[in-house]
Amino acid sequence: MNQNTEPVAAAESLAEVPEHVLRGLPEEVRLFPSAVDRTRIGVWATKPILKGKKFGPFVGDKKKRSQVKNNVYMWEVYYPNLGWMCIDATDPEKGNWLRYVNWACSGEEQNLFPLEINRAIYYKTLKPIAPGEELLVWYNGEDNPEIAAAIEEERASARSKRSSPKSRKATVSAWHPGALRQPPRTSPGSVGMSRPRQQPSSRDPSSKSRPFACSLTAPEVTWNQ
């Protein structure tokens, strides 16, 4: 009789989450087992999170794509002097809590979207998130009107900050892009979209397949008010 010998992914455990990740959690969220991937830890809201809330940046090792062994915990960002580089958080010790945000099963279920600001990845809430909901990200680019509007809002904010007298005097600014050259594959300006961290061969995130059924049922925990 034939037996299934395919390797089974080891499930993540809350006990294995590094202490620095737990210390870095915003007050609105906690880590619990994910409802969309039984092998993963997920990020859950414990307090209401308003639309437009920004989290980040996504933290990880910077390395070439050929050096990445697992594309589940990474994003690709274009650097003018280095080309496409991966921000890889496969090792929990190298990442932060955003590493544990899972992919939605579809664009309709997402409540976060990724945003690149000055070569760093942030997650921004696309809609209000209620206590007991898992934070889920989806990469559907600027073809989504709401996401396109949010990106343009970030660009306008960046332009405003750069033109303010205070920013001219500052020696360091998280929003100042300098004179960096943008390649054709990136969005104009210093605010835009990066490549997704989970990349199918077609480079189309909508073609990703998931070996599990999606469920947004919260785990049985008591949410702090």
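Residues numbered from 1 in each chain as written. Predicted model: local features only at pLDDT ≥ 70, side-chain atom pairs only at ≥ 80, totals over all residues. Heavy atoms only, no water.

Thoughts on the environment of R30
Stage number 1. Residue position: R30 is located in strand β1 (residues 29-33).
Stage number 2. With relative accessibility at 33%, the residue R30 sits in the partly exposed group.
Stage number 3. Separated by 13 residues in the primary sequence, R30 and V43 have C-alpha atoms spaced 5.8 Å apart.
Stage number 4. Those residues within four positions of R30 in sequence are excluded, and the remaining contacts are L25, G42, V43, W44 and T46. (Helix = DSSP H or I, 4+ residues; strand = E, 2+ residues; numbered from the N terminus. Buried < 20%, exposed > 50% of the residue type's maximum accessible area, 1.4 Å probe, protein only. Contact = heavy atoms within 4.5 Å.)

A word on the nonpolar core
Stage number 1. Grouped together as the largest cluster of nonpolar side chains are 35 residues, with contacts concentrated most on L31, V43, F58, W97, V101, Y123 and L135.
Stage number 2. Elements represented by at least two residues in this core include exactly β1, β2 (41-45), β5 (74-79), β6 (83-88), β9 (120-125) and β10 (136-137).
Stage number 3. Judged by nonpolar contacts, the second largest core, of nine residues, contains I117, I147, A150 and I151. (Core = buried A, V, L, I, M, F, W, Y, C linked by side-chain atoms within 4.5 Å.)

Some remarks on the sheet that holds β6
Stage number 1. On the basis of which strands lie adjacent, the open sheet formed by three strands has the order β4-β6-β5 and antiparallel pairing. Of all strands in the sheet, those with a lone pairing partner are β4 (61-63) and β5, marking the two edges. Each neighbouring strand pair of the sheet contributes to a mean axis angle of 30°, computed without reference to strand direction. (Pairing = 2+ DSSP bridges. Axes fitted to C-alpha atoms, helices over the stretch in contact; angles between N-to-C directions.)

Some words on the packing of aromatic side chains
Geometrically, a pair of aromatic rings is defined through the distance of the ring centres and the angle of the planes.
Stage number 1. Following the criterion strictly, the structure yields six aromatic pairs and no others.
Stage number 2. Ring centres of F58 and Y123 lie 6.5 Å apart, and the angle between their planes is 40°; on these two criteria the pair is classed as tilted. Of this pair, F58 sits in the loop between β3 (54-55) and β4 while Y123 sits in strand β9, placing them 65 residues apart in sequence. With respect to burial, F58 and Y123 carry one shared label: buried.
Stage number 3. Between W75 and Y123, the ring centres sit 6.3 Å apart and the planes meet at 70°, which makes this aromatic pair edge-to-face. Highlighted residues: W75 in strand β5 and Y123 in strand β9, separated in sequence by 48 residues. For the pair W75 and Y123, one class covers both residues: buried.
Stage number 4. Just above the ring of Y122 sits the side chain of K54; from NZ or CZ to the centre is 5.9 Å.
Stage number 5. For the cation-ring pair, R99 lies above Y100, with the distance from its terminal atom to the ring centre recorded as 4.9 Å. (Phe/Tyr/Trp six-rings, centres within 6.5 Å; stacked < 30°, edge-to-face > 60°. Lys NZ or Arg CZ within 6 Å of the ring centre and 35° of its normal.)

Concerning helix α2 (residues 145-163)
Stage number 1. Along its 19 residues, α2 runs 27 Å from first to last C-alpha, staying within 8% of the 27 Å computed at 1.5 Å per residue.
Stage number 2. Along α2, the positions that sit buried rather than exposed are I147, A150, I151, E154, R155 and A158. One side of α2 holds all its buried residues, which, seen down the axis, span an arc of 140°. Counted as exposed and oriented over 90 degrees from the buried face of α2: P145 and E153. (Expected span 1.5 Å × (residues − 1). Arc of directions from axis to C-beta.)

Re the pattern of salt bridges
A side chain with one charge may pair with a side chain of the opposite charge, provided their charged atoms come close.
Stage number 1. In the structure shown here, the tally under the stated rule is nine salt bridges.
Stage number 2. The shortest N-O distance in the salt bridge between E28 and K53 comes to 3.5 Å. Here E28 is found in the loop between α1 (19-23) and β1, whereas its partner K53 is found in the loop between β2 and β3, with 25 residues between them in sequence.
Stage number 3. The class for E28 is buried, based on a relative accessible area of 13%.
Stage number 4. By relative accessible area, which is 34% here, K53 ends up partly exposed.
Stage number 5. The shortest N-O distance in the salt bridge between E154 and K54 comes to 3.1 Å. Taken together, the residues E154 in helix α2 and K54 in strand β3 connect sequence positions 100 residues apart.
Stage number 6. Taking relative accessible area as the criterion, E154 reaches 5% and is therefore assigned buried.
Stage number 7. Look at the salt bridges and you will find they share partners, linking E12, R40 and R99 into a network. (Salt bridge = Lys/Arg side-chain N within 4 Å of Asp/Glu carboxyl O.)

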